[in-house]
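Descriptive structure summary
Next come the chains, spelled out residue by residue.
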Amino acid sequence: MVMFLFLVVALAVVVAAVTLAVVSGGDSGPLPDATPERLRDSLPPDRPVGRADVERLRFPLVARGYRMADVDDALGRLGAELAERDARIADLESALAGARAAAAHQHVSMESHQHVSMEKPGSEEQQ
């Protein structure tokens, strides 16, 4: 019986505390909106993105994951830089292949001009 009485009193205290908190907190109005957390260490705008930049990149959490605008901006920037690097690599590989072809052509033409006769000089005159 004492335990039941203790539980009833404890429940009454909790209900009174919650009621007091709700009633006294209603005068100040709703809580102000919190400013959303922004991406602090974004990708560097003044130089190409490096591996360390990508490893340091951390997106702030929001109610349902990450801020889509921050993720979209970062992925767009990374995609554009990768496309530029792929194009640059393709240009360099093409130039290298052209240089190798030109060097091979020059080597073949030099060999054909340097054909040396193995006959003794004067053997043609003796015949």
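Residues numbered from 1 in each chain as written. Predicted model: local features only at pLDDT ≥ 70, side-chain atom pairs only at ≥ 80, totals over all residues. Heavy atoms only, no water.

**Considerations on the overall build of the protein chain**
- Across its full length, the protein chain holds 4 helices and 2 strands.
- Written out in order from the N terminus, the α and β elements of the protein chain read α-α-β-β-α-α.
- When burial is assessed residue by residue, the protein chain has 9% of its 127 residues classed as buried.
- Residue pairs in contact within the protein chain that sit at least 24 positions apart in sequence constitute 46% of those at least 6 positions apart. (Helix = DSSP H or I, 4+ residues; strand = E, 2+ residues; numbered from the N terminus. Buried < 20%, exposed > 50% of the residue type's maximum accessible area, 1.4 Å probe, protein only. Contact = heavy atoms within 4.5 Å.)

**Observations concerning the pattern of salt bridges**
- Evaluated as defined, the whole model comprises 6 salt bridges.
- Its salt-bridge partner being aspartate 53, residue arginine 47 comes within 2.8 Å of it at the nearest N-O pair.
- Using a relative accessible area of 8% as the deciding quantity, one classes aspartate 53 as buried.
- Glutamate 55 is the partner of arginine 51 in a salt bridge, and the nearest nitrogen-oxygen pair spans 2.9 Å. With a gap of 4 residues between them, arginine 51 and glutamate 55 both fall in helix α2 (residues 51-56), about one helical turn apart.
- Using a relative accessible area of 68% as the deciding quantity, one classes arginine 51 as exposed. (Salt bridge = Lys/Arg side-chain N within 4 Å of Asp/Glu carboxyl O.)

**Quick look at the side chain of aspartate 53**
- For aspartate 53, the position within the fold is in helix α2.
- Polar side-chain contacts of aspartate 53 include one of 2.9 Å to the backbone nitrogen of glycine 50.
- Aspartate 53 has contacts with Leu43, Pro44, Arg47 and Pro48, leaving out every residue within four places of it along the chain. (Polar contact = N/O pair within 3.5 Å; in protein donor to acceptor, adjacent residues only side chain to side chain.)

**Quick word on the confidence of the model for the protein chain**
- Within the protein chain, residue pLDDT values average 80, and 76% of them lie at 70 or more.
- Of all helices and strands in the protein chain, the one with the weakest mean pLDDT is helix α4 (residues 123-126) (53), whereas helix α3 (residues 68-113) scores best (88). (pLDDT = per-residue confidence, 0-100.)

**As for the packing of aromatic side chains**
- Counting across every chain of the model gives 1 aromatic pair.
- Consider the rings of phenylalanine 59 and tyrosine 66, whose centres lie 5.9 Å apart with planes at 70°: the pair is edge-to-face.
- Accessibility expressed as a relative area gives 23% for phenylalanine 59, which makes it partly exposed. (Phe/Tyr/Trp six-rings, centres within 6.5 Å; stacked < 30°, edge-to-face > 60°.)

**Regarding a nonpolar patch on the surface**
- On the surface, Met3, Phe6 and Leu7 cluster together into a nonpolar patch covering about 360 Å² of accessible area.
- Mapped onto the fold, phenylalanine 6 is located in helix α1 (residues 2-25).
- Judged by relative accessible area, phenylalanine 6 falls into the exposed class, the value being 55%. (Patch = residues over 30% accessible without salt bridge, like charges linked within 9 Å, V, L, I, M, F, W, Y side chains within 5 Å. Areas by Shrake-Rupley, 256 points an atom, 1.4 Å probe, with all protein chains shown as cover.)

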